[in-house]
Amino acid sequence: SEELLKEHYGALRERPFYSRLVKYMSSGPVVAMVWQGLDAVKTVRSMIGETDPAKSRPGTIRGDFCVDVSKNVIHGSDSVESAQQEISLWFRPEELTCWEDTAEHWIYA
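Treat the numbers as computed from the prediction; the structure is a model and nothing was measured. (Residues numbered from 1 in each chain as written. Predicted model: local features only at pLDDT ≥ 70, side-chain atom pairs only at ≥ 80, totals over all residues. Heavy atoms only, no water.)

Draft legend 1. A look at the overall build of the chain. When helices and strands are tallied, the chain shows six helices and zero strands. In the chain, the succession of helices and strands from N to C terminus is α-α-α-α-α-α. Each of the three principal axes of the chain carries a C-alpha extent, and together these read 50 × 35 × 25 Å. Counting all 109 residues of the chain, 22% fall into the buried class. In the chain, 40% of the contacts between residues at least 6 apart in sequence involve partners at least 24 apart. Carbon together with sulfur atoms contributes 56% to the accessible area of the chain, which is approximately 8,600 Å² in total. If the 12 positive side-chain charges of the chain are averaged to one point and the 17 negative ones to another, these points end up 10 Å apart. (Helix = DSSP H or I, 4+ residues; strand = E, 2+ residues; numbered from the N terminus. Buried < 20%, exposed > 50% of the residue type's maximum accessible area, 1.4 Å probe, protein only. Contact = heavy atoms within 4.5 Å. Areas by Shrake-Rupley, 256 points an atom, 1.4 Å probe, with all protein chains shown as cover. Lys, Arg positive; Asp, Glu negative; His and termini not counted. Charge placed at Lys NZ, Arg CZ, Asp CG, Glu CD.)

Printed below as a string of structure tokens:
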């Protein structure tokens, strides 16, 4: 909902692009997801690319699929703390499932 997006991007409320951002994000479907794993925020940020798609490397989501900083297709939390806050906005605890890799003890021993 627009209300959820306004809360999600609340830290940007005073920025000149805030209303355009909320309008753009509410203009179509949004797929919300939570990823887990070692250094998940850092890893996901690398996969996503720079906020400005012109500065994003080829092979990143923004580098391959974005053309303008105001319509950059994907959002990723910038820290574990903001991820926790954003996850709590989008999901109830009972909607989250932690996946456990059975080989994890071999990899991260």
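Draft legend 2. Geometry of the pattern of salt bridges. According to the stated counting rule, one finds three salt bridges in the structure shown. A salt bridge links Glu2 to Lys6; its shortest N-O distance comes to 3.3 Å. You can see Glu2 and its partner Lys6 sitting in helix α1 (residues 2-8), four residues apart, about one turn around the helix. In this structure, the salt-bridge partner of Arg92 is Glu94, at a minimum N-O distance of 2.9 Å. For Glu94, a relative accessible area of 59% corresponds to the exposed category. One connected set of salt bridges, linked through shared partners, spans Arg92, Glu94 and Glu95. (Salt bridge = Lys/Arg side-chain N within 4 Å of Asp/Glu carboxyl O.)

Draft legend 3. Here's a closer look at a nonpolar patch on the surface. A surface patch of nonpolar side chains, amounting to about 450 Å² of accessible area, comprises Val31, Met33, Trp35 and Met47. Along the polypeptide, Trp35 turns up in the loop between α2 (18-25) and α3 (40-48). Its relative accessible area of 43% is what places Trp35 among the partly exposed residues. (Patch = residues over 30% accessible without salt bridge, like charges linked within 9 Å, V, L, I, M, F, W, Y side chains within 5 Å.)

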